[in-house]
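So the chains spell out like this:
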Amino acid sequence: ELDEVRAEIDRLAQITIAYLVVLSIASFLLGAHALTSTSFPTLIAPALIGFSGSAVAALTSCLDRYATGFERENGTPYPEAATGQKFNRRFSRWLFVRPFLGALVAPVFIWGLSHFTQNPREFVSSADTLGFTAFMAGLLAKSVLDLIKNLFKNVFRT
């Protein structure tokens with residue numbers, strides 16, 4: 001039974017890794033194309049590139065945990081000596097959803113930056129700057145959201 005559980009978690013990890021690789025590459029390429037195309041709405045390119053950045057962040061997190069080991073539903077690690085964060089079924093659900101954070105955070109982050117820079121037209125009109133910023137916003141989407149949540153907690157004591 002233990003080998004079945006381990007095999008099932010291993011299979012889930014493989015599916016998660018493949019999903020994240022395909023999504024990160026596809027959304028990056030489509031986003032890069034959207035940056036230079038006039039047939040896409042302006043919001044699509046940063047959303048796709050942010051999605052890609054967040055998918056890459058999820059992929060690295062998945063690979064780190066997979067390399068460390070697995071955790072069964074009852075919390076026991078495999079291999080038994082495994083320490084630190086391990087891949088498990090519950091965490092895989094987070095990895096499947098995480099790229100969508102980047103798709104939302106990247107455009108909002110860019111909107112915010114465009115309001116706080118002296119020359120927002122230069123900032124928003126440059127495909128290179130826009131693409132880089134969208135990717136980084138997606139890559140750091142979870143960290144940015146955590147920082148903002150903590151800021152509001154500390155400032156407003158909520």
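Just above sits the structure.
Residues numbered from 1 in each chain as written. Predicted model: local features only at pLDDT ≥ 70, side-chain atom pairs only at ≥ 80, totals over all residues. Heavy atoms only, no water.

1. Topic: the packing of aromatic side chains
Then, number 1: Counted according to the given criterion, the structure contains four aromatic pairs.
Then, number 2: Seen from their ring centres, Tyr19 and Phe96 are 4.2 Å apart, and the 25° between their planes marks the pair as stacked. Pair noted here: Tyr19 is in helix 1 (residues 2-36) and Phe96 is in helix 3 (residues 89-116), with a separation of 77 residues, a long-range link.
Then, number 3: The exposure class of Tyr19 is partly exposed, given its relative accessible area of 22%.
Then, number 4: On the basis of relative accessible area, Phe96 is assigned to the partly exposed category, the value being 27%.
Then, number 5: Sitting over the face of the ring of Phe91, Arg65 holds its NZ or CZ atom 3.5 Å from the ring centroid. (Phe/Tyr/Trp six-rings, centres within 6.5 Å; stacked < 30°, edge-to-face > 60°. Helix = DSSP H or I, 4+ residues; strand = E, 2+ residues; numbered from the N terminus. Buried < 20%, exposed > 50% of the residue type's maximum accessible area, 1.4 Å probe, protein only. Lys NZ or Arg CZ within 6 Å of the ring centre and 35° of its normal.)

2. Overview of the environment of Ile15
Then, number 1: Within the fold, Ile15 resides in helix 1.
Then, number 2: The class for Ile15 is partly exposed, based on a relative accessible area of 48%.
Then, number 3: A sequence separation of 77 residues divides Ile15 from Ser92, and the C-alpha atoms of the two residues are 9.7 Å apart.

3. Side note on a nonpolar patch on the surface
Then, number 1: Nonpolar side chains collect at one region of the surface, where Ile148, Leu151, Phe152, Val155 and Phe156 lie side by side and expose about 500 Å² of accessible area between them.
Then, number 2: Within the secondary structure layout, Val155 lies in helix 6 (residues 141-156). (Patch = residues over 30% accessible without salt bridge, like charges linked within 9 Å, V, L, I, M, F, W, Y side chains within 5 Å. Areas by Shrake-Rupley, 256 points an atom, 1.4 Å probe, with all protein chains shown as cover. Salt bridge = Lys/Arg side-chain N within 4 Å of Asp/Glu carboxyl O.)

4. Focus on the pattern of salt bridges
Then, number 1: Here the structure, examined in full by the defined rule, presents six salt bridges.
Then, number 2: A salt bridge links Lys142 to Asp146; its shortest N-O distance comes to 3.1 Å. You can see Lys142 and its partner Asp146 sitting in helix 6, four residues apart, about one turn around the helix.
Then, number 3: Residue class for Lys142 comes out partly exposed when judged on its relative accessible area of 31%.
Then, number 4: Here the residues in one salt-bridge network are Glu8, Glu71, Glu73, Arg89 and Arg90, joined through shared partners.

5. Overview of the packing of helix 2 (residues 44-68) against helix 3
Then, number 1: Between helix 2 and helix 3, the least distance of the axes is 7 Å, while the angle of their chain directions is 145°. Two packed elements cross with a definite hand, and for helix 2 against helix 3 that hand is right-handed. When helix 2 is examined against helix 3, the residues Pro46, Ala47, Gly50, Phe51, Ser54, Ala55, Ala57, Ala58, Ser61, Cys62 and Arg65 are found in contact with a partner set consisting of Phe91, Leu95, Arg98, Pro99, Phe100, Leu101, Gly102, Ala103, Ala106, Pro107 and Ile110.
Then, number 2: When the residues that make up the contact of helix 2 with helix 3 are grouped by side-chain class, the tally is 16 nonpolar, four polar and two charged. (Axes fitted to C-alpha atoms, helices over the stretch in contact; angles between N-to-C directions. Left-handed = near helix turned anticlockwise from the far one by under 90°. Contact = heavy atoms within 4.5 Å. Nonpolar A, V, L, I, M, F, W, Y, C, P; charged D, E, K, R; others polar.)

6. What to know about the nonpolar core
Then, number 1: In this structure, Ile9, Ala13, Ile17, Leu20, Ala55, Ala58, Leu59, Cys62, Phe70, Phe87, Phe91 and Leu95 together form the largest nonpolar core, which totals 12 residues.
Then, number 2: Broken down by secondary-structure element, the contributors of at least two residues to this core are helix 1, helix 2 and helix 3.
Then, number 3: Once residues lying within four places of it in the same chain are set aside, the contact partners of Ile9 are Phe70, Glu71, Arg72, Phe87 and Arg89.
Then, number 4: Grouped together as the second largest cluster of nonpolar side chains are six residues, Ile49, Ile110, Ala134 and Ala137 included. (Core = buried A, V, L, I, M, F, W, Y, C linked by side-chain atoms within 4.5 Å.)

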